Amino acid sequence: MARPPFVWLRVAVICLLLAALAGLVLLVARPSLNPSHIRPLPLIALGWIAFLTAAFLLRKVGVRLAVALIMLGGIGIQIAAVTAPPRQSDDLYRYVWDGRVQAAGIDPYAYVPGAAQLDSLRGSFLWQRGSDHCLSAAFVGARPAQHLVRGCTLINRPSVPTIYPPVAEAYFLAVHYEPSGNSSTKPIQATTAFIAVLTTVLLLFGLGRLKRDVRTAALWAWCPTVALEAGNSAHVDVVAVGIAAAALLVLATARSRLSTVAGGVLLGLAIATKVTPALVVPAVLRRRWLTVAVSAASAFAVVYVPHLLAVGSKVIGFLPGYLQQEGYENGTRFGIIGLVLTGKLALAMAVLILAAAAFAVLQFTDPDRPWQGAVFMTAAALAVTTPRYQWYALLLVMLVVLDGRPEWLAFAAGAYYAAEPQLGRYSLPGRLHLAVAYGVPIAVVAGGWLVREFLRRRGGIGLEPVPVPVPVPVPVVVAGPAFAVPTSAAADDSLSSGVGAFLPLGYP
């Protein structure tokens, strides 16, 4: 059956918005294409507007066509990001270096990049005169015990050990063996973009299995955060989030101890890729908590054993130094709490708030929908710690897809203001921008809850997604044997196996 003309108009507008989003991503990543020298933040803001508008319009597009748009749009945006060198972060150079070190048979936790023991691994790609991070003669001379060698490199913090857990290190080693994996950023950018696309596929199948609207997967596939932090910056967080998504989907549908163990193992591996997926732990402990905890802890411990045997306590890496450098140890780093408390009192308050959030999630989360509590826990952690790094919100973006309340994406959008606060004469003083970056999303989420509650009380609209059954095929008798011809609606939405109802504020 032919689609109404307005559907094709809607699809055309979505395609134009996605093309604009890809262009904006390219402008952010390639400033040379930006002759007006517009700051990154306005470009990213426009990208978010295009993304949210396209996702809103997608709600009324048939499921088959929507899935095609989600996949093609997500791939196109990632390609735009991959074509440019990393712009907003240089972490991937450490990834390439750690892969090179492991390929040489050296444990990545054994030495810092600037160590004399690794001098033979230096090459023109990562170590070159005029790079951003230099070990000067004075710096090296002041630290004789570290056995450093002077030089300039693309690797940030070349005098400190790696901070990345073992599964992340295994990923870096795997990318090293790709063509040009040791001498270019493109392999790891393309691989991380590919993993982001695979996560889209996983979410599509997961939503279909849960009888939820698969169109919510667009909130991951088209999100500017995913494009910039996967295809361009190649953050390993994307890998951790993909594994965490698989863990949540397995645990939410687990009906046997074996499947629970599998979900727990996946969760442990996700945490052993990047520590942030630990925020979903309170939300998955309502069903077979001991099995989940033991399997996750076992998987986490197993991947650490080889490194622990090789280098001992060095497996901790730069984590303690990172917490101290960022100001978390002395309590000076909390943007919102810091408005009223400082120092150790701020640290104590942060711990109390996160502990209370974890307890609430543990007590009230539906074990069949762990992402609801995980969204709250992750957003609470972002609001309390107010990080300057926008890629920390990648976990939240994935959780929002499963949860279905897009207002929580405000935290991912606000994280860009935390990272890029420079707005010329409109810049806020001091650390106040962190309070704004994460305080406004709190207000957005609260406003969304109030609107949903008002509509629920006034019109009976539920706060939770309501599955809508697929129309039953209507039998049609023709000359000869009888056969069933599905209605056009059933044919169009057959992929979803039940489409979730849309709430006024967005997806269910």
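Before reading on, note that the structure itself is shown above.
These remarks concern the structure in this document. Bear in mind that the values here come from a model prediction, so they are computed numbers and not experimental data.

What follows is about the nonpolar core. Formed by 125 residues in total, the largest nonpolar core has its most connected members in Ile14, Leu58, Trp220, Trp222, Met398, Leu399 and Phe411. The element best represented in this core is helix H10 (residues 237-253), accounting for 11 residues. Ignoring anything within four residues of it in the chain, the contact list for Trp220 reads Ala196, Thr199, Thr200, Leu203, Val226, Val238, Val241, Leu394, Val397, Met398 and Val401. Membership of the second largest hydrophobic core comes to 6 residues, among which are Tyr328, Ala346, Ala350 and Val384.

Take the state of the cysteines next. Per the stated rule, a full pass over the model turns up 1 disulfide. Put simply, Cys134 and Cys152 are joined by a disulfide, and their sulfur atoms are 1.9 Å apart. Linking Cys134 and Cys152, the disulfide has an S-S dihedral of approximately 110° and is accordingly described as right-handed. Separated by 18 residues along the polypeptide, Cys134 in strand E1 (residues 133-135) and Cys152 in strand E2 (residues 151-153) bring together distant segments of the chain. You can call Cys134 partly exposed: its relative accessible area is 42%.

Let's shift gears to the pattern of salt bridges. Taken as a whole and judged by the stated rule, the model has 11 salt bridges. Note that Lys274 is salt-bridged to Asp237, the shortest N-O span being 2.9 Å. In this pair, Lys274 is assigned in the loop between helix H11 (257-271) and helix H12 (289-311) and Asp237 in helix H10, connecting sequence segments 37 residues apart. Accessibility assignment for this pair places Lys274 and Asp237 in one class, buried. Notably, a salt bridge pairs Asp368 with Arg255, separated by 3.3 Å at the nearest N-O pair. Taken together, the residues span a long stretch of sequence, with Asp368 in the loop between helix H14 (343-364) and helix H15 (370-385) and Arg255 in the loop between H10 and H11 at a distance of 113 residues. Judged by its relative accessible area of 33%, Asp368 is partly exposed.

A few words on empty space enclosed by the protein. Per the counting criterion, the structure on display carries 6 cavities of 30 Å³ or more. Put simply, the largest cavity is a space of about 70 Å³. Considering the residues around the largest cavity, the lining is formed by Leu251, Ala252, Thr260, Ala283, Val284, Arg286, Arg287, Pro367 and Pro370. Split by residue class, the lining of the largest cavity holds 6 nonpolar, 1 polar and 2 charged. Here the second largest cavity is characterised by a volume of approximately 60 Å³. As for the second largest cavity, its lining consists of Ile70, Met71, Gly74, Ile75, Gln78, Ala196, Val197, Thr200, Trp220, Ala221 and Val226. Broken down by secondary-structure element, the contributors of at least two residues to the lining of the second largest cavity are helix H3 (63-82), helix H7 (186-209) and helix H8 (218-221).

Scoring rules and cut-offs
- Residues numbered from 1 in each chain as written.
- Predicted model: local features only at pLDDT ≥ 70, side-chain atom pairs only at ≥ 80, totals over all residues.
- Heavy atoms only, no water.
- Core = buried A, V, L, I, M, F, W, Y, C linked by side-chain atoms within 4.5 Å.
- Buried < 20%, exposed > 50% of the residue type's maximum accessible area, 1.4 Å probe, protein only.
- Helix = DSSP H or I, 4+ residues; strand = E, 2+ residues; numbered from the N terminus.
- Contact = heavy atoms within 4.5 Å.
- Disulfide = S-S within 2.5 Å.
- Salt bridge = Lys/Arg side-chain N within 4 Å of Asp/Glu carboxyl O.
- 1 Å grid on protein atoms, 1.4 Å probe; cavity = no way out; pocket = protein on both sides within 12 Å on 5 of 7 lines; lining within 4 Å.
- Points joined across faces, edges and corners; volume = space filled by probe spheres on them.
- Nonpolar A, V, L, I, M, F, W, Y, C, P; charged D, E, K, R; others polar.

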